[in-house]
Amino acid sequence: MKPPSAGRARGERSGKLELMAINENLLGGPPPTHLPDDPEPRELLASGAAPSEVAAKYPVSSLAWAQLADEAFEAGRVVESYAYARTGYHRGLDALRRSGWKGHGPVPFEHEPNRGFLRALHALARAAQSIGEEEEYERCATFLRESSPTAAATLT
């Protein structure tokens, strides 16, 4: 006679197959962090508002600071880009911590509210590399890859 579990698919109990959640972490690490949505700054930027105006009105918006960093970098103002990116990065870290992030774990690029932080992190790495700050560049590039491989592939 077979034991009760013989012949059952993994995860199957009492004749029912249990499905795993799409974002379930199989390695036992922390769950993904999803920042709360703050659509106003994103909508203003999408409608063509100046990033400096959006950052002034919504100073906690990492997206506004990331966009300022991108514009400064594209104009050759690398030190200014570094400062904007660092501001967006720290605003994003504050938001992540408020959302339960413990200093590591996934920050999915697929979740749109996370993109401002990830863009600021990428901009900080880029600006740090441009001014020869290799340790900062490596730290930020590694942080970006570990937080979101999709962001690392998309933004670089």
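- Per an unreviewed UniProt entry, the protein carries the name DUF3151 domain-containing protein and comes from Streptomyces zagrosensis.

## Here we look at helix 5 (residues 115-130)
Then comes step 1: With 16 residues, helix 5 extends 22 Å from end C-alpha to end C-alpha; this agrees with the ideal 22 Å at 1.5 Å per step.
Then comes step 2: Summarising burial for helix 5: 12 of the 16 residues are buried, a large majority.
Then comes step 3: Where helix 5 is concerned, the buried positions are G116, F117, L118, A120, L121, H122, A123, L124, A125, R126, A127 and A128.
Then comes step 4: Turning to helix 5, the residues buried within the fold contact helix 3 (62-74), helix 4 (78-98), helix 6 (134-147) and helix 7 (149-155).
Then comes step 5: Positive backbone phi, at 85°, marks G132, one or two positions downstream of helix 5.

## Section: the layout of surface pockets
Then comes step 1: Of the voids in this model, the largest pocket is the one considered here, and its volume is about 460 Å³.
Then comes step 2: Lining the largest pocket are 24 residues, and of these D38, S61, S62, L63 and P113 lie nearest its centre.
Then comes step 3: Its residues placed into classes, the lining of the largest pocket shows 10 nonpolar, 6 polar and 8 charged.

## Considerations on the side chain of T33
Then comes step 1: Here T33 lies in the loop between strand 2 (16-17) and helix 1 (39-46).
Then comes step 2: Overall, the relative accessible area of 6% leaves T33 in the buried class.
Then comes step 3: Non-local contacts of T33, meaning those with residues more than four positions away in its chain, are made with L96, S99, W101, P106, V107, P108 and N114.

## Things to note about the packing of helix 5 against helix 6
Then comes step 1: Contact geometry for helix 5 and helix 6: axes closest at 8 Å, N-to-C directions at 155°. One element, helix 5, and the other, helix 6, form an angle in the roughly antiparallel class. Handedness of the helix 5/helix 6 crossing: left-handed. Every residue of helix 6 that contacts helix 5 at F117, L118, L121, H122, L124, A125, A128 and Q129 is listed here: E134, E136, Y137, C140, A141, F143, L144 and S147.

About the thresholds
- Residues numbered from 1 in each chain as written.
- Predicted model: local features only at pLDDT ≥ 70, side-chain atom pairs only at ≥ 80, totals over all residues.
- Heavy atoms only, no water.
- Helix = DSSP H or I, 4+ residues; strand = E, 2+ residues; numbered from the N terminus.
- Expected span 1.5 Å × (residues − 1).
- Buried < 20%, exposed > 50% of the residue type's maximum accessible area, 1.4 Å probe, protein only.
- Contact = heavy atoms within 4.5 Å.
- 1 Å grid on protein atoms, 1.4 Å probe; cavity = no way out; pocket = protein on both sides within 12 Å on 5 of 7 lines; lining within 4 Å.
- Points joined across faces, edges and corners; volume = space filled by probe spheres on them.
- Nonpolar A, V, L, I, M, F, W, Y, C, P; charged D, E, K, R; others polar.
- Axes fitted to C-alpha atoms, helices over the stretch in contact; angles between N-to-C directions.
- Parallel < 35°, antiparallel > 145°, perpendicular 65-115°, else oblique.
- Left-handed = near helix turned anticlockwise from the far one by under 90°.

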